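Fold and contact review
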Amino acid sequence: MMKMYILWLFFIQILLHVSISNSGKVPAIIVFGDSSVDSGNNNFIPTLARSNFPPYGKDFPNGDATGIFSNGRIATDFISEAFGLKPIVPAYLDPTYDISDFATGVCFASAGTGFDNATANVADVIPLWKEVEFYKDYQKKLKASFGDEKAKEIIRESLYLVSIGTNDFLENYYTQLERRMEYKTVQEYEDFLIVLAENFLREIYDLGARKISLTGLPPMGCLPLERAINIMGLHSCVDYYNDVALEFNAKLGCLVSKLNKDLHGFQLVDANAYDLILQIVAQPSQFGFEDARVGCCGTGRFEMGFFCDPKSPFTCKDANKYVFWDAFHPSERTSQLVASYLIQKHIGKFL
Ligand SMILES: *[C@@H]1O[C@H](CO)[C@@H](O)[C@H](O)[C@H]1NC(C)=O
């Protein structure tokens, strides 16, 4: 039973070694997306989609609740570190950082957002088009600080990590009426999102981005929140949502092939962790976990954001024994496994 777990630990050791001998091919990690990769931008906008209070961040050295939706670091942080860069990718809106910090890593992501503008409106967060506006602003600052030549090199050689889409389904299509009236079947809505994804990817290509990792949907029917309401299914994963995720990921895969053919020099990678996460949820003990059904925070069934109460007597002691930190987001340990898997399977070629 422990074999798989030990294999993973071994792999992480290799990663650490690789990061030390990294020749610096990737000058920066640049992040777009939602709460799976937001390192704190929502702290600086008026929204309730926040996590900058305990018990979030409880496993950071000082228990700092930086606005990351986890007990500790997230996958993009581990990837950044493995590439010999910062252990934490700083949030662009955080005024304690400046362009010299952002030159080696920057995060434009916003918890609660999606490909669809209407998704960002649900919780008043940063829509994807606005993340791109911030990215343009970032490019200007790079040029002002480092000169055109160096700025262009950073833009071209950096690794872009894009993780977004779950909220379009779970926080928008299946919970708000507007899009369901407009797109009668979920397949129609998926196709609409694929067009938006294509527009976004073409736009950042036009702005100079070349090395891009696009992470599709996780098995979203296995998020504790969805399991909690699956009463008829005895709190097993909601197969229907997992099927939607698989269908959407397949469409993203086709988009990736198409754009790599269409756009000269584009190195877009279809990097989803669906299979790994499903495997972890199905056999948590093989990966060193004790629980995959509920999150650590509170009862683990519905709490996230402000519902994740620092005084809850139910919050677990050791979050890294849980696959999920809260009802929607992975624990630091899961994020570390996901990062290792993505590097091994999809983005290691950029190392
Ligand atoms: C999303 O909103 C932005 C800003 O208002 C707009 O430019 C863009 O066209 C919108 N996208 C869609 C698909 O409606």
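Residues numbered from 1 in each chain as written. Predicted model: local features only at pLDDT ≥ 70, side-chain atom pairs only at ≥ 80, totals over all residues. Heavy atoms only, no water.

If you check an unreviewed UniProt entry, the protein appears there as GDSL-like lipase/acylhydrolase from Medicago truncatula. Per UniProt, the protein has the following entry under Sequence similarities (unreviewed entry): "Belongs to the 'GDSL' lipolytic enzyme family." (UniProt positions renumbered as here; feature names shortened; annotations may be inferred.)

What follows covers the packing of helix α2 (residues 75–82) against helix α12 (residues 332–347). The contact between α2 and α12 brings their axes to 8 Å, and the two run at 50°. Compared by their axis directions, α2 and α12 come out oblique. Considering the relative orientation of α2 and α12, their crossing is right-handed. Facing A75, F78, I79 and A82 of α2, the residues of α12 in contact are E332, S335, Q336, V338, A339, L342, I343 and I347. Each residue belonging to the contact of α2 with α12 can be placed in one class, and the counts come to nine nonpolar, two polar and one charged. (Axes fitted to C-alpha atoms, helices over the stretch in contact; angles between N-to-C directions. Helix = DSSP H or I, 4+ residues; strand = E, 2+ residues; numbered from the N terminus. Parallel < 35°, antiparallel > 145°, perpendicular 65-115°, else oblique. Left-handed = near helix turned anticlockwise from the far one by under 90°. Contact = heavy atoms within 4.5 Å. Nonpolar A, V, L, I, M, F, W, Y, C, P; charged D, E, K, R; others polar.)

Let us look at the pattern of salt bridges. Scanning all chains against the criterion turns up 16 salt bridges. The salt bridge partner of K136 is E133, with a shortest N-O separation of 3.0 Å. Of the two residues, K136 and E133 both sit in helix α5 (residues 128–157), three residues apart, roughly one turn of that helix. Classification of K136 by relative accessible area gives partly exposed; the value is 28%. Owing to a relative accessible area of 35%, E133 belongs among the partly exposed residues under this scheme. The closest approach of N and O atoms between R202 and D262, which form a salt bridge, is 3.1 Å. Taken as a pair, R202 in helix α8 (residues 186–206) and D262 in helix α10 (residues 239–262) lie far apart in primary sequence, 60 residues in all. Judged by relative accessible area, which is 28%, R202 ranks as partly exposed. One salt-bridge network, held together by shared partners, links D116, E178, R179 and E182. (Salt bridge = Lys/Arg side-chain N within 4 Å of Asp/Glu carboxyl O. Buried < 20%, exposed > 50% of the residue type's maximum accessible area, 1.4 Å probe, protein only.)

The element strand β1 (residues 29–33) is extensively covered by neighbouring structure, given that five of its five residues are classed as buried. Neither face of β1 is open: one carries I29, V31 and G33, the other I30 and F32, and all of them are buried. The sheet contact formed by β1 and strand β2 (residues 105–107) spans three bridges and is parallel. Within the sheet, the bridge partner assigned to I30 lies in β2 and is V106. As judged from the five bridges shared by β1 and strand β3 (residues 159–163), these two strands associate in the parallel manner. Bridged to I29 within β3 is L159. (Pairing = 2+ DSSP bridges.)

What follows covers the site of the ligand. Residues in contact with the ligand, as listed here, are N117, W129 and L196. With respect to the ligand, the side chain of N117 contributes an N or O atom lying 2.3 Å from an oxygen atom. A distance of 3.4 Å separates an oxygen atom of the ligand from a polar side-chain atom of W129. For the ligand, the accessible surface in isolation is 360 Å², of which the surrounding protein chains cover 36%. (Near = heavy atom within 4 Å. Polar contact = N/O pair within 3.5 Å; in protein donor to acceptor, adjacent residues only side chain to side chain. Areas by Shrake-Rupley, 256 points an atom, 1.4 Å probe, with all protein chains shown as cover.)

On to the state of the cysteines. Throughout the structure, instances matching the rule amount to three disulfides. There is a disulfide in this structure between C222 and C237, and the S-S distance comes to 2.2 Å. For the disulfide bridge between C222 and C237, the dihedral angle about the S-S bond is near 115°, and by the sign convention the bridge is right-handed. Of the two residues, C222 is situated in the loop between β4 (211–215) and α9 (224–228) and C237 in the loop between α9 and α10; the sequence distance between them amounts to 15 residues. By relative accessible area, which is 1% here, C222 ends up buried. Between the sulfur atoms of C297 and its disulfide partner C308 the distance amounts to 1.8 Å. Pair noted here: C297 is in the loop between α11 (274–282) and α12 and C308 is in the loop between α11 and α12, with a separation of 11 residues, a long-range link. Neither C297 nor C308 differs from the other in exposure class; each is buried. The disulfide pattern of the protein is 1-2, 3-6, 4-5 when the bonded cysteines are numbered in sequence order. Here C107 stays unpaired: no disulfide links it, and the sulfur of C308, its closest cysteine neighbor, is 20 Å away. (Disulfide = S-S within 2.5 Å.)

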